[in-house]
Amino acid sequence: VQNANSCAPAIQVLLVEDNPGDVRLTREAFQDAKVHLKMHVAVDGVEAMEFLFQQGRFADSPRPDLILLDLNLPRKDGREVLKEIKQHPSLKSIPVVILTTSASDVDIEGSYLLHANCYISKPVDLEGFLTVVRSIDEFWLSVVRLPAGERHGPRIGSNSAR
Amino acid sequence: MGPELVRILLVEDNAGDVRLTQEAFKDAKVHLDLYVASDGVEAMDFLYRRGSYAESPRPDLILLDLNLPRKDGREVLTEIKTDPSLKTIPVVILTTSGSDADIERSYQLNANCYVSKPVDLEQFLSVVRSIDDFWLSAVRFPKEKRA
């Protein structure tokens, strides 16, 4: 399995997270990933949208296969980012996993209403956090079929031709 | 982390796959009830509590096959994800199709995730267990809210 995966193109993961500690822990947890993945980081909602639309310094960014999105972010809130992604015809098929410290029913319900693909509360303790990130690896990156995307096509304003 | 008793609606017309799914869920780490609808019409009756499903509970999670008799899984998915009272229920597509068109289309219709059924028995069981491990252990579900 290891060999088969190492030949496959890397799975591109975009982590939208303003807490450097959580970014580092996520990176560490993904280091043992069963699949070949490349993690990109956007530290707020504005950067996340720039990455997705390949603007500014993100001109060469790849289309992510999976987005891990915090809800409480500077400049542009995670809820707004989620809404923009899920209303955009060429972005909406990218799975968005909400990964947040919030466990409020309002946030959970609100995220699913905006078509978040799933909602995970970040455990406060370190081991719990690492376990959760590994479970994302084991399920989303190993079992789930992700959309093939339009890796080489223009992204802005383009409607999916599929 | 999720609700204490998890209710799963499996929408599947293949009796063998239903039985294998039931078996795989037997070892689940959480307490779960598995309900089965064998076609798309039955699935919608279950969700809207029509006819013999008047007493059905609201599922916490739906496992949906795409190719179903009477009403197609894509139609079921569209109806769920456009109904304000149903759309928050996570829908896992579980199908033999591995076509890029079906994968893309399902995500466009707001499927929560797409899983291809392996043909091999052991792999099938392991995929169902991975759904159990992830959705029933790590994920937060919306609170029950009846229409």
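The structure reproduced in this document is the subject of the present report.

Calculation notes
- Per-chain numbering applies: the sequence of each chain, read as written, is numbered from 1 onward.
- By the order in which they are written, chains take letters starting at A while ligands take numbers starting at 1.
- Totals for whole chains, interfaces and linings use all residues, but because this is a predicted model, local features are given only for residues with pLDDT of at least 70 and pairs of side-chain atoms are given and counted only at 80 or more.
- Where side-chain values are given, they derive from all heavy atoms of the structure, hydrogens and water being excluded.
- Only DSSP runs of H or I covering at least 4 residues are called helices, and only runs of E covering at least 2 are called strands; the numbering of each starts at the N terminus.
- Three labels apply to residues, based on accessible area from a 1.4 Å probe with only protein chains included: buried if under 20% of the type maximum, exposed if over 50%, partly exposed otherwise in between.
- The contact criterion used is simple: two residues touch if any of their non-hydrogen atoms lie within 4.5 Å.
- The Shrake-Rupley method, run with a 1.4 Å probe, gives the accessible areas here. Residue values count only the displayed protein chains as cover.
- Planes of paired rings set the category: under 30 degrees apart is stacked, over 60 is edge-to-face and the rest tilted, where pairs are Phe, Tyr or Trp rings (Trp by its six-membered ring) whose centres lie within 6.5 Å.
- Should a side-chain nitrogen of Lys or Arg be within 4 Å of a carboxyl oxygen of Asp or Glu, the pair is scored as a salt bridge.
- Between any two strands, pairing holds if DSSP finds at least two bridges.
- To get an axis, fit a line to the C-alpha atoms, keeping to the stretch in contact for a helix; angles then go from 0 to 180 degrees between the N-to-C directions.
- When two parts are brought into contact, each loses some accessible area as probed by a 1.4 Å sphere; the total of that loss over both is the buried area.

## A few points about the overall build of chain A
For chain A, the helix and strand inventory stands at six helices and five strands. Reading the helices (α) and strands (β) of chain A from amino to carboxyl end gives α-β-α-β-α-β-α-β-α-β-α. Expressed as a percentage of its 162 residues, the buried residues of chain A come to 56%. Taking all contacts inside chain A whose residues are at least 6 apart in sequence as the whole, residues at least 24 apart take part in 68%. Accessible surface, chain A as shown: approximately 7200 Å² in total, 53% of it carbon and sulfur.

## Re the packing of aromatic side chains
Taken as a whole and assessed by the stated rule, the structure comprises seven aromatic pairs over all chains. Relative to Trp135(B), the ring of Phe134(B) lies with its centre 5.9 Å away and its plane at 90°, an arrangement referred to as edge-to-face. Grouping aromatic residues by their ring pairs yields a cluster made of Phe139(A), Trp140(A), Phe134(B) and Trp135(B).

## Focus: the pattern of salt bridges
Across all of its chains, the model carries 20 salt bridges over all chains by this definition. The salt bridge involving Glu84(A) is made with Lys76(A); its shortest N-O contact spans 2.7 Å. By relative accessible area, which is 30% here, Glu84(A) ends up partly exposed. Put simply, Lys143(B) and Asp105(A) hold a salt bridge, and the shortest N to O gap is 2.8 Å. On the criterion of chain membership, the pair formed by Lys143(B) in the segment after helix H5 (121-135) and Asp105(A) in helix H5 (residues 105-113) is interchain, its members lying in two chains. Under the relative-accessibility criterion, Asp105(A) is labelled partly exposed at 38%. Salt bridges linked by common partners bring Glu17(A), Asp22(A), Asp70(A) and Lys122(A) together as one network.

## Some details on H5(A)
Along H5(A), the positions that sit buried rather than exposed are Asp107(A), Ile108(A), Glu109(A), Ser111(A) and Tyr112(A). Looking at the packing, one finds that the buried side of H5(A) touches helix H4 (78-87), strand E4 (96-100) and strand E5 (118-121) of chain A together with H5 of chain B. Positive backbone phi, approximately 70°, marks His115(A), located one or two places after H5(A).

## Quick notes on the sheet that holds strand E1 (residues 5-11) of chain B
All names here are of chain B. The five strands lie next to each other as E2-E1-E3-E4-E5, forming an open sheet whose pairing is parallel. The open sheet terminates on both sides in strands that have one partner only, identified here as strand E2 (31-37) and strand E5 (113-116). Pairs of neighbouring strands in the sheet enclose a mean axial angle of 20°, with direction left out of account. Alignment of strand E3 (residues 61-64) against strand E4 (residues 91-95), held across three bridges, turns out to be parallel. Of the residues in E4, the one forming a bridge with Leu64 is Ile93. The strands that helix H1 (residues 15-26) touches are E1, E2 and E3; relative to E2, the one it contacts most, it runs at about 175°.

## So, the interface of chain A and chain B
With 30 residues of chain A at the interface, the matching set in chain B holds 30 residues. Summing both sides of the interface, chain A and chain B together bury roughly 2800 Å²; the carbon and sulfur share of this comes to 58%. Of all residues in chain A, Tyr112(A), Phe139(A) and Arg145(A) bury the most surface against chain B, accounting for 25% of the area lost on that side. The interface formed by chain A and chain B holds one salt bridge in total.

## Some thoughts on the environment of Val16(A)
Residues and elements named next belong to chain A. Looking at where Val16 falls in the secondary structure, it is placed in strand E1 (residues 11-16). Taking the C-alpha atoms as reference points, Val16 and Val41, 25 residues apart in sequence, are found 5.9 Å from one another. When near neighbours in sequence (up to four residues on either side) are disregarded, Val16 contacts Ala42, Asp44, Ala48, Ile67, Leu68, Leu69, Asp70 and Leu73.

## Quick notes on the pairing of strand E2 (residues 37-42) of chain A
Sheet topology note: the E1(A)/E2(A) ladder contains six bridges and is parallel. Across the sheet, residue Val16(A) finds its bridge partner in E2(A), namely Ala42(A).

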